Amino acid sequence: MKIIILGAGQVGGTLAENLASEANDITVVDNNPGRLRELQDRLDIQSVLGRASYPRVLKQAGAQDADMLIATTNSDEVNMVACQVAWTCFRTPTKISRVRTGAYLARPELFERDKKEGFPIDVLISPEQVVTEHITRLIEYPGTLQVLDFSRGLARLVAIRATEGGPLVGHELSYLRAHMPRIDTRVAAIFRRDRPIIPQGDTVIEEGDEVFFIAASDHIRAVMSELQPLEKPYKRIMITGGGNIGHRLARTLEDRFRVRIIERSQDRCIELSENLDNTIVLQGDAANKDLLLQENIEDTDVFCAVTDDDEANIMASMLAKRLGVRKVMTLINNPDYVDLIQGGEIDVAISPQQTTIGSLLTHVRKGDVVNVHSLRRGAAEAIEAIAHGDQRSSKVVGLRLDEIPLPEGTTIGAIVRDNEVLIAHDHVRVQPDDHVILFLVDKTRIREVEKLFQVGLTFF
């Protein structure tokens, strides 16, 4: 595909890296020559220097014959106008835009394409909303590293670290079925010392393994209990940073948890207190030891640092952990920091660009792909694809799962059929319109997976 990416920041750069590795024709537009030069030194891409919303710049980037435009600059206004220019001047078929400001998102009529009104944006991405949902799921399932929804939440893929005390630790995977005969689940992959293992029945779970398993949502906690002692549900949440993410997170959690939010700016504190119903708003510095002790940090279950300053988030999180908070979740914009800090005093490091990237990749993948999740900082991927066609036109419909020629490093975790979750077993046959959930530990094989789910011409 010929794809134009507007903005060479963290999200745009990460997206370019993902797509360039898959043999797409990528052009990145930005007004920062240093950032463009840095990307070109690492990636096989083209670049255009200029303001992303100008018609001349978009023409130079090849908008007249581009398949897709993805606007990820830091300016909502530039992103929205760029989509308008791309459609009006060049009829670019697919336009994806990042929009962060709540004032725009609160007016859906701005984006109503079916009524021939509003901005011609085909897909709207809000990173703050995606990150908020990600953190919320981690809070709902204590002890998890990642929780991903498929088929409207009917099935979930969960990443969890195996720890001492989990009944399955030290045993073969086949022991799980004997121990829990009424719970059906599939371990999709195991990462041991950062190396992927495709699980077999005789694979032994070791302490410290990062285990990805898929199950119906109702069975998640039961499977988690096999890999580590279940943590008590969280009750008290402290958020530092009252920006877009902090505000959204507090609003999402305040009806179910006891939430406090710490914000430096007095004006922002007033605004937060007016817009939140059950959240205690505190003005101050979250890296102030006396303030944290005064707010009983040792009795707090989760400390979420979500300011836009990585260093401030890290320092506040480390202080909170040393003062006795149960769990620390830290927003880290610099991807180089994520691997350095997660697993020490910081329990979960959250990369907004990696969390957002799946939403963007969903609309780039070929075949009928309805969900994409980027895993382990982009090294692996989970996708949900719909099987179309019949036995003549499809490479998967009508086949047993053990008959499908999956690329190496790819596993099928589950099938969702008529609102029922079928965990993948060899004898299950794929039927038309099944939602097939796959896990890839080697992302370079994604094109082979896409081809499996593309319908042949005989279907038409």
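Conventions adopted
- Residues numbered from 1 in each chain as written.
- Predicted model: local features only at pLDDT ≥ 70, side-chain atom pairs only at ≥ 80, totals over all residues.
- Heavy atoms only, no water.
- Buried < 20%, exposed > 50% of the residue type's maximum accessible area, 1.4 Å probe, protein only.
- Helix = DSSP H or I, 4+ residues; strand = E, 2+ residues; numbered from the N terminus.
- Pairing = 2+ DSSP bridges.
- 1 Å grid on protein atoms, 1.4 Å probe; cavity = no way out; pocket = protein on both sides within 12 Å on 5 of 7 lines; lining within 4 Å.
- Points joined across faces, edges and corners; volume = space filled by probe spheres on them.
- Nonpolar A, V, L, I, M, F, W, Y, C, P; charged D, E, K, R; others polar.
- Core = buried A, V, L, I, M, F, W, Y, C linked by side-chain atoms within 4.5 Å.
- Contact = heavy atoms within 4.5 Å.
- Axes fitted to C-alpha atoms, helices over the stretch in contact; angles between N-to-C directions.
- Phe/Tyr/Trp six-rings, centres within 6.5 Å; stacked < 30°, edge-to-face > 60°.
- Salt bridge = Lys/Arg side-chain N within 4 Å of Asp/Glu carboxyl O.

J.: What am I meant to see in the pairing of strand β8 (residues 155–161) here?
T.: Residues in a regular strand project their side chains so that they alternate between the two faces of the sheet. Most of β8 is tucked away: six of the seven residues are buried. In terms of strand pairing, strand β7 (residues 144–150) meets β8 through six bridges, oriented antiparallel. Bridge pairing in β8 links phenylalanine 150 to alanine 155. Taking the residues that link successive antiparallel strands as the turn, the β7-β8 hairpin has four residues, and the phi of serine 151 there is positive, at about 50°. As paired elements, β8 and strand β11 (residues 210–216) share seven bridges and run antiparallel to each other. Paired with valine 158 across the bridge in β11 is phenylalanine 213.

J.: Where do I start with empty space enclosed by the protein in this structure?
T.: Rolled over the atoms, a probe sized like a water molecule indicates the empty space that remains. Tallied over the full model, the rule gives one cavity of 30 Å³ or more. Counted as a void, the largest cavity has a volume near 40 Å³. Along its surface, the largest cavity is lined by Leu157, Ala188, Ile214, Ala382, Gly413, Ile437, Leu438 and Phe439. With three residues, the top contributor of residues to the lining of the largest cavity is strand β22 (residues 435–440). For the lining of the largest cavity, the class distribution of residues is seven nonpolar, one polar and no charged.

J.: I tried to follow the nonpolar core on my own but got confused; where do I start?
T.: Across soluble globular proteins, you tend to see nonpolar side chains buried next to one another. Membership of the largest hydrophobic core comes to 65 residues, with the highest contact counts inside it found for Ile139, Leu157, Phe213, Ile237 and Phe439. With sequence-adjacent residues up to four places away left out, isoleucine 139 is seen in contact with Tyr234, Ile237, Leu253, Phe257, Val302, Cys304 and Met329. The next biggest cluster of nonpolar side chains, apart from the first, holds 45 residues, and it includes Leu19, Leu43, Val428 and Val449.

J.: Help me understand the sheet that holds β11 in this model?
T.: Two strands in a sheet stick together by hydrogen bonds in their backbones, pointing the same way (parallel) or opposite ways (antiparallel). Spatial strand order, β7-β8-β11-β9-β10: five strands in an open sheet with antiparallel pairing. Sheet topology places β7 and β10 (195–197) at the edges, where each strand pairs with a single neighbour. Across the sheet, the mean angle separating the axes of adjacent strands is 20° when strand polarity is ignored. Note that strand β9 (residues 185–192) and β11 share six bridges and pair antiparallel.

J.: Explain the packing of aromatic side chains to me, please; I cannot follow it from the model alone.
T.: What describes a pair of aromatic rings is the distance from one ring centre to the other and the angle between the planes of the rings. Applying the stated criterion across every chain, the model contains two aromatic pairs. For the pair phenylalanine 191 and phenylalanine 212, a centre-to-centre distance of 5.8 Å together with 70° between the ring planes defines the contact as edge-to-face. Remark: phenylalanine 212 occurs in strand β11 and phenylalanine 191 occurs in strand β9; sequence separation between them is 21 residues. There is no split in this pair, since phenylalanine 191 and phenylalanine 212 are both buried. Ring centres of phenylalanine 212 and phenylalanine 439 lie 5.2 Å apart, and the angle between their planes is 55°; on these two criteria the pair is classed as tilted. Of the two residues, phenylalanine 212 is situated in strand β11 and phenylalanine 439 in strand β22; the sequence distance between them amounts to 227 residues. Neither residue differs from the other here; phenylalanine 212 and phenylalanine 439 are each classed as buried. By way of ring pairs, the aromatic residues Phe191, Phe212 and Phe439 are connected into one cluster.

J.: Before we go on, may I ask you to explain unusual backbone geometry in this structure?
T.: For residues other than glycine, phi is negative in most cases, and the peptide bonds are mostly trans. Despite not being glycine, arginine 152 shows a phi value in the positive range, around 55°. The class of arginine 152 is exposed, set by a relative accessible area of 70%. Its identity is not glycine, yet aspartate 418 carries a phi of approximately 50°, on the positive side. Structurally, aspartate 418 can be placed in the loop between β20 (410–417) and β21 (420–423).

J.: I tried to follow the pattern of salt bridges on my own but got confused; where do I start?
T.: The tally for this structure, following the rule as stated, stands at 26 salt bridges. Close ionic contact of glutamate 109 with arginine 107 constitutes a salt bridge, the shortest N to O distance being 2.6 Å. For glutamate 109, a relative accessible area of 32% corresponds to the partly exposed category. Between aspartate 184 and arginine 177 there is a salt bridge; the shortest N-O distance is 3.3 Å. Linked by salt bridges that have partners in common, Glu231, Asp301, Arg326 and Lys327 make up one network.

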